[in-house]
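Descriptive structure summary
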Amino acid sequence: MNDQIRLTVAGMDERPAVLAVTRAAYDEYAGKSDQSFWRMYERSIEQTILSDETVTSIVAKSGTEILGAVLYCPPYEKKMGDRVVKNPYPEMRLLAVPAKNRNRGIAARLIEHCELVAKQSGSKTMTLHTTVLMQTAKQMYEKRGYVKYPEIDFEPVPGFVVWGYRKEL
């Protein structure tokens, strides 16, 4: 872990840079997805990062360069795919570390920070979503103690399930 990497909350003015980092990290999944689904997913990512004021964008920086990012989301109730999903716990979304910045402990620090914020807010549980496309991430979350939480699973398009996970803090 590099001590020169610091975590900060990104301002709205930094969110375009957060979006660029997220796109760089998620680009590897584009070719493994149905293209119409992927375009929908990219629009959702863009809208969430650039416009959703209910989420907190946390970034890992070295100097002014953003090396990785994650969104911290409060509990919610919203339509996901064909049903309404209610998540009574905070959620980590769009954890993104581009390939060139991986294996430096950045993802671990971002996850730990979200878990700390959740604890400080009084929550004893942290949640997240992942998919079959993101096997490395899924394995990383499971090693960190996250377990399936099907109550927040959803299916944005037929046959593509987004799995919910949770961890007791």
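The structure under discussion appears in the preceding block.
This text gives an overview of the structure that appears in the document.

Rules behind the numbers
Sequence order as written defines the numbering, with residues in each chain counted from 1. Two thresholds apply to this predicted model, a pLDDT of at least 70 for residue-level local features and 80 or more for giving and counting side-chain atom pairs, whereas whole-chain, interface and lining totals are computed over all residues. Only heavy atoms go into the side-chain values, all of them from the structure, while hydrogens and water stay out. Note on definitions: salt bridges are taken to be side-chain nitrogens of Lys or Arg within 4 Å of carboxyl oxygens of Asp or Glu. A run of H or I in DSSP becomes a helix once it reaches four residues, and a run of E becomes a strand once it reaches two; helices and strands are each numbered from the N terminus. Burial here depends on accessible area, computed with a 1.4 Å probe over protein chains only, as a share of the maximum for the residue type. Under 20% is buried, over 50% is exposed, and the range in between is partly exposed. A helix is expected to span 1.5 Å for every residue after the first. Note that the bend at a residue is defined as the angle between axes fitted to the seven residues ending at it and the seven residues starting at it. Two residues form a contact once any of their heavy atoms are found within 4.5 Å. Note on definitions: angles span 0 to 180 degrees between N-to-C directions of axes, and those axes are lines fitted to C-alpha atoms, for helices only across the stretch in contact. Working definition: roughly parallel below 35 degrees, roughly antiparallel above 145 degrees, roughly perpendicular at 65 to 115 degrees, and oblique for all remaining angles. Left-handed describes a crossing whose near helix is turned anticlockwise from the far helix through less than a right angle; right-handed describes the clockwise counterpart. Under the grouping applied here, Gly and all other residues not named as nonpolar or charged are polar, the nonpolar ones being Ala, Val, Leu, Ile, Met, Phe, Trp, Tyr, Cys and Pro and the charged ones Asp, Glu, Lys and Arg.

All chains considered together, the criterion is met by nine salt bridges. The shortest N-O distance in the salt bridge between E46 and R23 comes to 2.6 Å. Residue E46 is located in helix α2 (residues 35-51), and its partner R23 is located in helix α1 (residues 15-30); the two are separated by 23 residues in the primary sequence. Among the residues examined, E46 registers a relative accessible area of 32% and is labelled partly exposed. For the salt bridge of K138 with E142, the shortest nitrogen-to-oxygen distance reads 3.1 Å. Taken together, the residues span about one helical turn, with K138 and E142 both in helix α4 (residues 135-143) at a distance of four residues. Classification of E142 as partly exposed rests on a relative accessible area of 34%.

Bringing α1 into the picture now. Three or four residues apart is the spacing at which side chains of an α-helix point the same way, because the helix has 3.6 residues per turn. For α1, built from 16 residues, the straight-helix expectation of 22 Å at 1.5 Å per residue is met to within 8% by its first-to-last C-alpha distance of 21 Å. Considering bend angle alone, the principal kink of α1 is centred on A24 and spans about 35 degrees. Residues of α1 that are buried: R15, V18, L19, V21, T22, A25, Y26, Y29 and A30. Along its buried surface, α1 packs onto α2, β2 (56-62), β3 (65-73) and β6 (91-96).

Bringing the packing of α1 against α2 into the picture now. The geometry of α1 relative to α2 is characterised by a closest axis approach of 10 Å and an angle of 160 degrees between their N-to-C directions. Taken together, the axes of α1 and α2 are roughly antiparallel relative to one another. For the element pair α1 and α2, the recorded crossing hand is right-handed. Where α1 approaches α2, its residues R15, P16, V18, L19, T22, R23, Y26, Y29 and A30 are matched on the opposing element by Q35, W38, Y41, I45, E46, T48, I49 and L50. Its residues assigned to classes, the contact of α1 with α2 shows 11 nonpolar, three polar and three charged.

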